[in-house]
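Structural characterization, general
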Amino acid sequence: LTEAPWLIAVFKQTHGGIDASTGKRIDHYYVQESVGIACGMLIVAIANANLVTLTSTPMGAEKGIRELLNRPDNEKLYLLLPVGFPAKTATVPYRMPERKNSSETIIYR
C-alpha cells in the first residue's frame, strides 16, 4: 500500500438520501453484488493497462479512512486497490495454453 503510486478507495453506498415526499431514506438494492462486479471489471481494466494491483480489505480502518476522505455516513469503504507498475523483479508463472486442438473437439461424420 505504501509503494503504489495510486490508491483507489472503493466505497459502497448503502442507501441514498431522503425522499422528499415520504421523508424516508432511499434504499439501494444489491449493493454488495453491484460493487463486487464493478471492482472485478476495474481489476481487469487495470491488468489490461499493464498495471498491477491487489485487493486489500481495510479491517478496522473503515471509519478513519471515510473521515479522512470526507465521505458521508451512508458510504462504507468496500475495498482498497493500490495500483502501480510491476516491479522489475516481478515474475509471472508461465501457463500452458488450455485450449484444445480442433481435432480433439470437432467430429466429422
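Nothing here was measured: the structure is a model prediction, and the numbers come from that model.

Looking only at helices and strands, one finds 3 helices and 5 strands in the protein chain. Along the protein chain, helices (α) and strands (β) appear in the sequence β-β-β-α-β-α-β-α when read from the amino end. Taken over the C-alpha atoms alone, the protein chain extends approximately 70 × 45 × 20 Å along its principal axes. Counting every position in the protein chain, which comprises 109 residues, the buried fraction comes to 22%. Of the contacts made within the protein chain by residues no fewer than 6 positions apart, 65% connect residues no fewer than 24 positions apart.

Right, let's get into the sheet that holds strand S1 (residues 6–13). Across the sheet, 3 strands lie side by side as S1-S5-S4; this open sheet has antiparallel pairing. Strand pairing shows two members of the sheet lacking a second neighbour, S1 and strand S4 (52–53), which therefore form its edges. Across 8 bridges, the pairing between S1 and strand S5 (residues 75–84) is antiparallel. By the bridge assignment for S5, Trp 6 is matched with Val 83.

It is worth spelling out the pairing of S5 at this point. In terms of burial, S5 is a largely internal element, 8 of the 10 residues being buried. The sheet contact formed by S4 and S5 spans 2 bridges and is antiparallel. Looking at the pairing, Thr 53 lines up with Val 83 of S5.

Along the polypeptide, Ala 45 turns up in helix H1 (residues 31–48). With relative accessibility at 42%, the residue Ala 45 sits in the partly exposed group. Taking the C-alpha atoms as reference points, Ala 45 and Pro 58, 13 residues apart in sequence, are found 22 Å from one another.

Rules and cut-offs
Residues numbered from 1 in each chain as written. Predicted model: local features only at pLDDT ≥ 70, side-chain atom pairs only at ≥ 80, totals over all residues. Heavy atoms only, no water. Helix = DSSP H or I, 4+ residues; strand = E, 2+ residues; numbered from the N terminus. Buried < 20%, exposed > 50% of the residue type's maximum accessible area, 1.4 Å probe, protein only. Contact = heavy atoms within 4.5 Å. Pairing = 2+ DSSP bridges.

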